[in-house]
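# An overview of the molecular structure
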Amino acid sequence: MLAYFRDIWDGVVTVLIGMKVTWGHLFTPAVTIQYPDVKLKLPERARNRLYVNMDDCIGCDQCAMACPVDCITIETVKSTPDIDLGLTSVGTKKRLYVPLFDIDIAKCCYCGLCVYPCPTECIKMTDVYEFSEFERENLIYRFATMTPAETEGAKSRLSSYEKEQAAKKAAAAAAPKTPAPPVAPAAPTQAPPNPETKV
Ligand code: SF4
Ligand code: SF4
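By convention here, each chain's residues receive numbers from 1 onward along its written sequence. A letter from A marks each chain and a number from 1 marks each ligand, given out in the order of writing. It should be noted that, the model being predicted, local features are given only for residues of pLDDT at least 70 and side-chain atom pairs only at 80 or more, the latter also being counted only at that level, while totals for whole chains, interfaces and linings use all residues.

### A look at helix α1 (residues 2-26)
In this model α1 runs 36 Å from its N-terminal to its C-terminal C-alpha over 25 residues, within 8% of the 36 Å that 1.5 Å per residue would give. The buried count for α1 comes to zero of 25 residues, which makes it a mostly uncovered element. Helix numbers and strand numbers start at the N terminus; a helix is a DSSP run of H or I with at least 4 residues, a strand a run of E with at least 2. Expected span, for any helix, means 1.5 Å times one less than how many residues it has. With C-beta atoms placed from the backbone, a residue counts as buried when 20 or more other C-beta atoms lie within 10 Å of its own, as exposed when 12 or fewer do, and as partly exposed for counts between those limits.

Here it is, written out as C-alpha cells:
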C-alpha cells in the first residue's frame, strides 16, 4: 500500500519537474522566427550567392585562378585596335570580350576567394541565400551577355586582324634589305671667338 502512494507521489513530482521547464520557457523571449515570412538580418560580410557585373568585367581571369574548386569558367576574345570596348566604372580600359562567364554555384564553397582579387570589384557576394533548384543545371549561373552572333563576329574580326598582321610581317621579312646610305664625314667644329681675347 505504501509503495502504491509512493508511485503516485513520484509521478506527481516528475510531472511538476517537467512543467517547471515548460513554465520557465513561457516567460522567456522566443528565439525562433516564422521563416520564411520573417527573416533574420544577415551579418555583415555574409557569404551567399555570387553576382558578376559584366559591364565592369575585364576578363582578367583572376577570380577563376583564385577559386579552389574551379567552379568559375571564363572565355575571352581579344578586341582589335579599331574597336573601343570602353572603360569600367573604376576607369580600367577593357581590351577583351568575355563571351563566357559561368559560375557553377553547386560546386561553390562560399570561400569568397574570388571576390578579393577582382581589380574592378565586379564579382561580389549578394544577400541572396534562397536559390535551391530541382535541376543541377539550373545552378550554373551564366553571366555573359554576348550573343553567339556577337561572339562569332568578335572572333572573326580577330582572326582577320591576325592574318593581316602576319601577312604584313611576312612581307616585311621578304622585302630586300636596302643598304644604308654612306654617312658623310662630320664637319670640323670651330669654337666661337672669345670677344675678351686680345689679339
Ligand atoms: S566563393 Fe570560393 S568556391 Fe565559390 S566561386 Fe568564389 S572562389 Fe570559387
Ligand atoms: S577578377 Fe573580376 S574582372 Fe577579372 S575576370 Fe573575374 S570578375 Fe572579371
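There is more to say after this.
### A word on unusual backbone geometry
Across the junction of Y35 and P36, the peptide omega takes the value 5°, indicating a cis bond. Mapping P36 onto the fold places it in the loop between α1 and β1 (50-52). Within the chain, R45 stands out as a residue other than glycine whose phi angle is a positive 65°. Here R45 lies in the loop between α1 and β1. With 8 C-beta atoms packed within 10 Å, R45 lands in the exposed category. For Y110, which is not a glycine, the phi torsion comes out positive at approximately 60°. Relative to the helices and strands, Y110 is located in the loop between β3 (96-104) and β4 (123-125). Residue classification places Y110 among the partly exposed residues on the basis of 13 C-beta atoms within 10 Å.

### Here's the deal with the site of ligand 2
Taken together, 15 residues sit near ligand 2, with C57, C60, C63, C118 and I123 positioned nearest. When residues are grouped by polarity, Ala, Val, Leu, Ile, Met, Phe, Trp, Tyr, Cys and Pro land in nonpolar, Asp, Glu, Lys and Arg in charged, and all others, Gly among them, in polar. Residues belonging to the shell around ligand 2 are distributed by class as follows: eleven nonpolar, three polar and one charged. Here is the check we use: build the C-beta atom from the backbone, and if it is within 6 Å of the molecule or strand, call the residue near.

### So, helix α3 (residues 148-174)
Between the first and last C-alpha of α3 there are 39 Å, a value that for 27 residues agrees with the 39 Å anticipated at 1.5 Å per step. With respect to burial, α3 is a largely exposed element, only one of its 27 residues being buried.

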